[in-house]
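Each chain, written out:
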Amino acid sequence: MQIHIINRLWLPALIILLISMGCGSRGESFVLENPDGYNMKKAVQMKLPLDLDEISGIAYYPPDSSVFAINDEKGWLYKISNGRGIMHWEFSKGADFEDLVLLDSIFYVLESSGNILRLSFNAQNSIAVQEYTFDKGTGKDEFEILYYDPGRKKMILICKDCDLDKKHSLSTFAFDPTTGQYEDSPFTINVQEIAHSLGDDKMKFKPSAASINPKNGLLYIISSINKLLVVMDTDGKLVKAYRIDPVVFKQPEGISFSPTGGMLISNESADVGVADILFYPYLKP
């Protein structure tokens, strides 16, 4: 397959990183409609090693255009960078880790229970861990999404399966990284509105990752089960829902953006080939 190259004077450093690590174009997909500013029919692909077969969250790191990542069950923080390969640091003996947020040089890891681990590097380049126990649910709730909302200055958790939700809505909760306190739902996602926009009123929306795009301030939500990319405002109002190619997006579990709007989506291996990270440059000035 050929790599789709854009003018290197404009080319983000991340694309150079991906190409240098043995990446290629994923070629054409069957996407019916592209989100504004992106061509989802072509991606630069980074294939990942076996350690990251169950990659469950990613965070772009602007200082050196690298990507940090976590694995679903292994308590390691990975750094994928140009020239140094893949580095990792252990922060836990294991749990069900679902998402990763980087804020002011601190990493926040979401467990499926809603608990959040705060990871910080000390002078010895090892990780100090502080855990915040989720105290707003029933103990049976399941989460896969944590993202930072700069407008609220809070991190937002989106329910995948929460007892308080009906089939037509999904609740959200907030986490204040300054106080370490959880807060009740700042907004609710109208699942019925998403389903109706796609002509599938029986759909059960099960989101797996989300991030706010710095170029337009909109929230982008990936759903692995539904094979959807849903764009909303930060209060949960639907902008547009897009179907995505299940061949290209075999199990998308992570999403992040570069400061210039480049969109990164990570896929677990899903027992088909290897896990990967797909990069889509932002095409508007």
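Residues numbered from 1 in each chain as written. Predicted model: local features only at pLDDT ≥ 70, side-chain atom pairs only at ≥ 80, totals over all residues. Heavy atoms only, no water.

(A) Looking closely at the overall build of the chain. For the chain, the count of helices and strands is 2 helices and 22 strands. For the chain, buried positions account for 55% of its 285 residues. (Helix = DSSP H or I, 4+ residues; strand = E, 2+ residues; numbered from the N terminus. Buried < 20%, exposed > 50% of the residue type's maximum accessible area, 1.4 Å probe, protein only.)

(B) Focus on the pattern of salt bridges. For the structure on display, the rule yields 9 salt bridges. Taking the shortest distance from any N to any O, the salt bridge between Lys-79 and Asp-64 comes out at 2.8 Å. Highlighted residues: Lys-79 in strand 5 (residues 76-81) and Asp-64 in the loop between strand 3 (55-61) and strand 4 (66-71), separated in sequence by 15 residues. Residue Asp-64 is classed as partly exposed on the basis of its relative accessible area of 35%. (Salt bridge = Lys/Arg side-chain N within 4 Å of Asp/Glu carboxyl O.)

(C) Structural view of the state of the cysteines. The tally for this structure, following the rule as stated, stands at 1 disulfide. Each sulfur in the disulfide pair Cys-159 and Cys-162 lies 2.0 Å from the other. Torsion about the S-S bond of the Cys-159 and Cys-162 cystine: about -85 degrees, corresponding to left-handed handedness. Across the pair, Cys-162 and Cys-159 agree in class, each one buried. (Disulfide = S-S within 2.5 Å.)

(D) Quick peek at unusual backbone geometry. You will see that Ser-105, though not glycine, has its phi angle at about 70 degrees, which is positive. Here Ser-105 shows up in the loop between strand 7 (97-103) and strand 8 (106-111). Positive phi is not limited to glycine here, since Ala-270 has a value of about 55 degrees.

(E) Structural view of the nonpolar core. Grouped together as the largest cluster of nonpolar side chains are 23 residues, with contacts concentrated most on Tyr-147, Ile-158, Ile-189, Ile-194, Phe-205, Ile-221 and Val-230. Contributing elements (two or more residues each) for this core: strand 11 (142-149), strand 12 (154-161), strand 13 (169-176), helix 2 (191-197), strand 16 (209-212), strand 17 (219-223), strand 18 (228-232) and strand 19 (238-243). Among the nonpolar cores identified, the runner-up in size contains 19 residues, and Ala-43, Leu-229, Tyr-242 and Tyr-282 belong to it. (Core = buried A, V, L, I, M, F, W, Y, C linked by side-chain atoms within 4.5 Å.)

(F) Highlighting the sheet that holds strand 4. Pairing in this open sheet of 4 strands is antiparallel, and the strands run 3-4-5-6 from one edge to the other. Bordering the open sheet on either side are strand 3 and strand 6 (85-90), each of which pairs with just one other strand. Along the sheet, successive strands turn relative to each other by an average axial angle of 25 degrees, direction set aside. Pairing geometry for strand 4 and strand 5, over 4 bridges, is antiparallel. Across the sheet, Phe-68 pairs through a bridge with Lys-79, a residue of strand 5. (Pairing = 2+ DSSP bridges. Axes fitted to C-alpha atoms, helices over the stretch in contact; angles between N-to-C directions.)

(G) Representation of the side chain of Asp-149 within the structure. Counting through the fold element by element, Asp-149 comes out in strand 11. On the accessibility criterion, Asp-149 (4% relative accessible area) is buried. Reaching out from Asp-149, the side chain makes a polar contact with the backbone nitrogen of Gly-151 at a distance of 2.9 Å. (Polar contact = N/O pair within 3.5 Å; in protein donor to acceptor, adjacent residues only side chain to side chain.)

(H) Region of interest: a negative patch on the surface. On the surface, a cluster of negative charge is made up of Glu-54, Glu-73, Asp-96 and Asp-271. Mapped onto the secondary structure, Asp-271 falls in the loop between strand 21 (263-267) and strand 22 (276-280). (Patch = residues over 30% accessible without salt bridge, like charges linked within 9 Å, V, L, I, M, F, W, Y side chains within 5 Å. Areas by Shrake-Rupley, 256 points an atom, 1.4 Å probe, with all protein chains shown as cover. Lys, Arg positive; Asp, Glu negative; His and termini not counted. Charge placed at Lys NZ, Arg CZ, Asp CG, Glu CD.)

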